[in-house]
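# Structure at a glance
The chain contents come next:
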Amino acid sequence: MTGPLLSVRDLRTHFVRGKETLRAVQGVSFDVEPGRALAIVGESGSGKTVTARSLLRLLPRTARIANGQAILRVPKRAGASGGHRRGSGSASDAHREVDLLALPERELRRVRGREVGMVFQNAMEAMNPTLTLERQLTEHLLWHGICGKTEARERAVRALGDVGIPEPERRIRTYPFQLSGGMRQRAMIAMAMLTEPALLIADEPTTAVDVTVQRQILDLLVEVKNRGTGIVMITHDLGVARYFCDDVVVMYAGRVVERAPTTALLDEPQHPYSVGLLGSSVELGDRARPLLPIPGSPPDLARLPSGCAFHPRCGRAELPRCQTDQDLVTLTDGRETACWKAVADA
């Protein structure tokens, strides 16, 4: 494959609230490689979920994508069986490129669920409580014409077993409300992976489950990643990012403020906001370290402060320098940060 699996460039998503415009995502760019996981982290309201939903244009009517590209490079499919084409031919011939933000809605529906799978944050809300697991897991296999009804059921049963749901032959006849929270989340992962998508977007997949189930879900996603699937993980849990993800994007007030390999960023964050996130979270083995919450609250997206949006909460801020625009700058070790002081100290 020439180029990354997914290339997002200058994504901007706005919400209209009366006469106000909320700039929820402002100029976000990142790449996702096959077989690698990218974490997008930040406080609630930082733009993580809006970024993910913008890629598949799953947004409310008040939202609009004002700018950007999201180029997805996926293997060409061979017929209705859903297998990837293998054998002769150049790498460019074996793949096709689509801009997720420019596709007509009809064509985008062919990509959603087949080339790109999504695991939503709350499985109980995302799944239809009036339909059995069989109906919900087989529906997109049939809609995309991947296989017939009998094979679709066989695949669904196998997928439930693969994600660790016991007695899948029996469970497939049940409804979502008859399952525990952890089982519902695993069923949603099974649903997302049934078509063997090239890209998986997981929005807080370990929220509201206990630590044992959380570990099981993460181990399952590791297996998915090891098969060559690229993953975008939306999370506020830095421990999840350290355990599972290869790279991290830190967002604040709709902007990317730091981007780096996971270990480098979590061991030595450069942007003051990244430092604050680390200080206000606890990872395994941090019992002796006191929690240091970030003072203040995230800004109103309709009335963002000038320059670096974090400067009103930043203990290192120097005015008026921090009130001017702060662009991402590449440091000597290859990571990127949007703080002039971090650049000066590097």
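These numbers come from a predicted model, not from an experiment. (Residues numbered from 1 in each chain as written. Predicted model: local features only at pLDDT ≥ 70, side-chain atom pairs only at ≥ 80, totals over all residues. Heavy atoms only, no water.)

## Points about the confidence of the model for the protein
Low pLDDT means the predicted coordinates in that region are not meant to be read closely. Per-residue pLDDT for the protein averages 89, and the proportion of residues at 70 or more is 92%. Across residues 79-89, confidence stays below pLDDT 50; counting only partners more than four residues off in sequence or on other chains, it has 19 contacts. (pLDDT = per-residue confidence, 0-100. Contact = heavy atoms within 4.5 Å.)

## Some remarks on the pattern of salt bridges
Summed over the entire model, instances satisfying the criterion amount to 23 salt bridges. For R303, the salt bridge identified is with D300, shortest N-O distance 2.9 Å. Assessed through its relative accessible area of 53%, R303 is described here as exposed. With a shortest N-O distance of 3.1 Å, D333 and R335 are connected by a salt bridge. Look at R335 and you get buried, because its relative accessible area is 4%. Within this structure, R17, E20, D300 and R303 form a network of salt bridges that share partners. (Salt bridge = Lys/Arg side-chain N within 4 Å of Asp/Glu carboxyl O. Buried < 20%, exposed > 50% of the residue type's maximum accessible area, 1.4 Å probe, protein only.)

## Remarks on the nonpolar core
Ranked by internal contacts, the top residues of the largest apolar core, which has 99 residues, are L6, F30, L72, L199 and I201. Among the elements that line this core, the one with the most residues is helix α7 (residues 181-193), at eight residues. Ignoring anything within four residues of it in the chain, the contact list for F30 reads L6, S7, V8, R9, L38, I40, T51, L55, V232, V249 and R259. (Core = buried A, V, L, I, M, F, W, Y, C linked by side-chain atoms within 4.5 Å. Helix = DSSP H or I, 4+ residues; strand = E, 2+ residues; numbered from the N terminus.)

## Details of the sheet that holds strand β3 (residues 37-41)
Taken in spatial order, the eight strands of this open sheet run β8-β9-β10-β3-β11-β12-β14-β13, and their pairing is mixed. Single-partner strands in this sheet number two, and they are β8 (116-119) and β13 (329-330). Docked against the sheet, helix α11 (residues 272-279) engages β3, β11 (247-252) and β12 (255-261), running at close to 105 degrees with respect to β11. (Pairing = 2+ DSSP bridges. Axes fitted to C-alpha atoms, helices over the stretch in contact; angles between N-to-C directions.)

## Side note on the environment of L58
Within the secondary structure, L58 is located in the loop between α1 (48-55) and β4 (63-75). Beyond its immediate sequence surroundings of up to four residues, L58 is in contact with R53, R112, M118 and F120.

## A word on the packing of helix α4 (residues 133-143) against α7
The angle between the axes and the distance between the axes are what describe a pair of packed helices. The contact between α4 and α7 brings their axes to 8 Å, and the two run at 25 degrees. As summarised for this structure, α4 and α7 are arranged roughly parallel, according to the angle between their axes. In contact with L133, Q136, L137 and H140 of α4, α7 contributes A187, A190 and M191. Looking at the contact of α4 with α7, its residues break down into five nonpolar, two polar and no charged. (Parallel < 35°, antiparallel > 145°, perpendicular 65-115°, else oblique. Nonpolar A, V, L, I, M, F, W, Y, C, P; charged D, E, K, R; others polar.)

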